[in-house]
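Given next are the chains, with one letter for each unit.
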Amino acid sequence: MKREETEIRREKERNKEMERDFDFLLPHGRILERQNRFLKFELRGTNETFVRVLKRIMISEVPTIAIDLVFIDTNSSVLEDRFLTRRLTLVPLTSHRATSMYYPSECPNCNGKGYCHRCSVVFRLSAKCVTNQTLDVTSNDLVSSDPAVVPFDFGSGGTVIVKLGQGEEVKLKAIARKGIGEVKGKWSPVTSASYFRPAEVRINEELMETLTLEQKKDWVASCPANMFQIDPRTQKVVVSDPEVYPYDEKVIWKAEAMGKPGLVEMCEKKDSFIFTVETTGALKASQVLMKAIQILKQNVISMHLMDDKYIDGLFAGLVSDMQELVIID
Ligand SMILES: [Zn+2]
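Residues numbered from 1 in each chain as written. Predicted model: local features only at pLDDT ≥ 70, side-chain atom pairs only at ≥ 80, totals over all residues. Heavy atoms only, no water.

With reference to specific residues and values, describe the sheet that holds strand β9 (residues 190-196).
The pairing of strands in a sheet happens through backbone hydrogen bonds and is either parallel or antiparallel. Reading across the sheet, the 4 strands line up as β1-β2-β14-β9 and stay open at both edges, with antiparallel pairing between neighbours. One side of each edge strand has no neighbouring strand; the edge strands of this open sheet are β1 (28-34) and β9. The average undirected angle you get between the axes of adjacent strands in this sheet is 20°. As judged from the 6 bridges shared by β1 and strand β2 (residues 38-44), these two strands associate in the antiparallel manner. Note on β2: the bridge partner recorded for E33 is K40. (Pairing = 2+ DSSP bridges. Helix = DSSP H or I, 4+ residues; strand = E, 2+ residues; numbered from the N terminus. Axes fitted to C-alpha atoms, helices over the stretch in contact; angles between N-to-C directions.)

How would you explain the coordination of the zinc ion if you had to name every residue and give the values?
Within the protein, the zinc ion binds to C107 (SG), C110 (SG), C116 (SG) and C119 (SG); these donor distances fall in the range 2.3 Å. For the zinc ion, the 4 donor atoms are set out with angles of 100 to 116° between them, so the coordination reads as tetrahedral. Mapping the donors of the zinc ion onto the primary sequence yields the spacing C-x2-C-x5-C-x2-C. (Donors = N, O, S within 2.8 Å, 3.2 Å for Na, K, Ca; no water. Tetrahedral: all angles 85-135°; square planar, octahedral: opposite > 155°, others 65-115°.)

Give me the sheet that holds strand β6 (residues 143-144): which residues, what numbers.
Across the sheet, which stays open at both edges, the 4 strands sit in the order β3-β8-β4-β6 with antiparallel pairing between neighbours. Of all the strands in the sheet, the pair left with one neighbour each is β3 (64-75) and β6. Across 9 bridges, the pairing between strand β4 (residues 120-128) and strand β8 (residues 169-179) is antiparallel. In the sheet register, F123 faces β8, and the bridge partner there is A174. Contacts from helix α3 (residues 81-89) reach β3 and β8 within the one sheet, and its direction differs from that of β3 by about 150°. (Contact = heavy atoms within 4.5 Å.)

How would you summarise the packing of aromatic side chains if you had to cite specific residues and measurements?
Tallying each qualifying case throughout the model produces 5 aromatic pairs. Ring plane angle 90° and centroid distance 4.8 Å describe the contact between F152 and F154, whose orientation is recorded as edge-to-face. Since its relative accessible area comes to 36%, F154 is described here as partly exposed. Relative to F228, the ring of W219 has its centre 4.7 Å away and its plane inclined at 45°; by these criteria the two rings are tilted. The burial state of W219 is the same as that of F228; both residues are buried. Grouping aromatic residues by their ring pairs yields a cluster made of F41, Y195, F273 and F275. Sitting above the plane of the Y115 ring, R177 keeps its charged end 4.9 Å from the centroid. (Phe/Tyr/Trp six-rings, centres within 6.5 Å; stacked < 30°, edge-to-face > 60°. Buried < 20%, exposed > 50% of the residue type's maximum accessible area, 1.4 Å probe, protein only. Lys NZ or Arg CZ within 6 Å of the ring centre and 35° of its normal.)

Now, about the packing of helix α2 (residues 48-60) against helix α7 (residues 285-302): what can you tell me, with residues and values included?
Two elements in contact, α2 and α7, have axes whose closest approach is 9 Å; the angle formed by their N-to-C orientations is 110°. The angle between the axes of α2 and α7 places the two elements in the roughly perpendicular class. The chirality of how α2 crosses α7 is right-handed. Within the contact between the two elements, α2 uses F50, V53, L54, I57 and M58 and α7 uses V288, L289, A292, I293, I295, L296 and N299. For the contact of α2 with α7, the residue count by class is 11 nonpolar, 1 polar and no charged. (Parallel < 35°, antiparallel > 145°, perpendicular 65-115°, else oblique. Left-handed = near helix turned anticlockwise from the far one by under 90°. Nonpolar A, V, L, I, M, F, W, Y, C, P; charged D, E, K, R; others polar.)

Explain unusual backbone geometry residue by residue, including any values.
Backbone geometry places N111, a non-glycine residue, at a positive phi of 55°. At Q235, a residue that is not glycine, the phi angle is positive and equals roughly 60°. With respect to the helices and strands, Q235 occurs in the loop between β11 (228-230) and β12 (237-239). Note on Q235: relative accessible area 38%, which makes it partly exposed.

Could you give me a rundown of the nonpolar core, with the residues and numbers involved?
If you look at the biggest cluster of nonpolar residues, it comprises 32 residues, and the most contacted ones within it are F41, L54, M58, V277 and M322. At the level of elements, β2, α2, β9, β14 (272-279), α7 and α8 (308-321) are the ones that each hand at least two residues to this core. At 10 residues, α7 tops the list of elements feeding residues into this core. Each residue touching M58, except ones within four places of it in the same chain, is listed here: F41, P189, V190, F275, V277, V288, L289 and A292. (Core = buried A, V, L, I, M, F, W, Y, C linked by side-chain atoms within 4.5 Å.)

So what's going on with the domain arrangement of the protein chain? Residues and values would help.
Along its sequence, the protein chain is carved into domain 1 (27-62 + 191-195 + 271-328), domain 2 (65-187) and domain 3 (199-267). When each unit is reduced to the centre of its C-alpha atoms, the spacing between domain 1 and domain 3 is 33 Å. (Domains from an automatic or database assignment.)

So, in structure tokens, the structure goes:
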């Protein structure tokens, strides 16, 4: 009995330790810049493992919808069938419906055949050039069976799929399905995702004041990230936003070259990361982030390390930090 109690106590201690570690890993977040397909945010109080996992999930585990199968009826264009097919598979399709769609192999409605409305969307394309002017067939010419799943509108008249000369024709049917980037790159919602540790910067004010205005301008211009600026009123050099720039030695070298070593001190912040992500248009960048956080949470739950409610509580902080994204989208 005594031995059992000791075992239980040890088990509890181990779990507590694990919870503490995990608690530390979960960062606080802050949105720095946001556009439809672009997001820049900060994650604080975490380590690189967490950030790397989040990046991987964004690229390869957030599902989207993409053209997966093409049946060509007519193609008299100069583009071979396989190139035409490839171009179609790369057209970003608005994918917020992916969450409620089935993966084709898991669809209970069509027994995994992948052809019903709950696991696929049908596109038709029919175009013929009847004049002597070249006809651009674009993603806007794709007619979808589901108004919620359409080619992403870049606002530039659609992506050109094929150009038709006089008398040439293209007629086809395409099936789009839900998938993830881990299986094939065309399903990844992300075109680029990267992060860096921001720099902690301290200007030696006294030494800085020994510089003439021209010298200050010269030194400020040596920073490619435009981290510093000159206050037009006081003519003092200030850091424009100390928390969002990567560590960069160029300004230190420049100060040394000017005979002013120690003009600025810089070091990398250890527990802060600035993350930028840009999407294909299939999903908004904010949707990719929120979905990735949700997937990460599910992955942790499936590891059965901790009580589900406890995990909910842990993630609530991060989700609430990013909440403005959910409210506005
Ligand atoms: Zn189905």
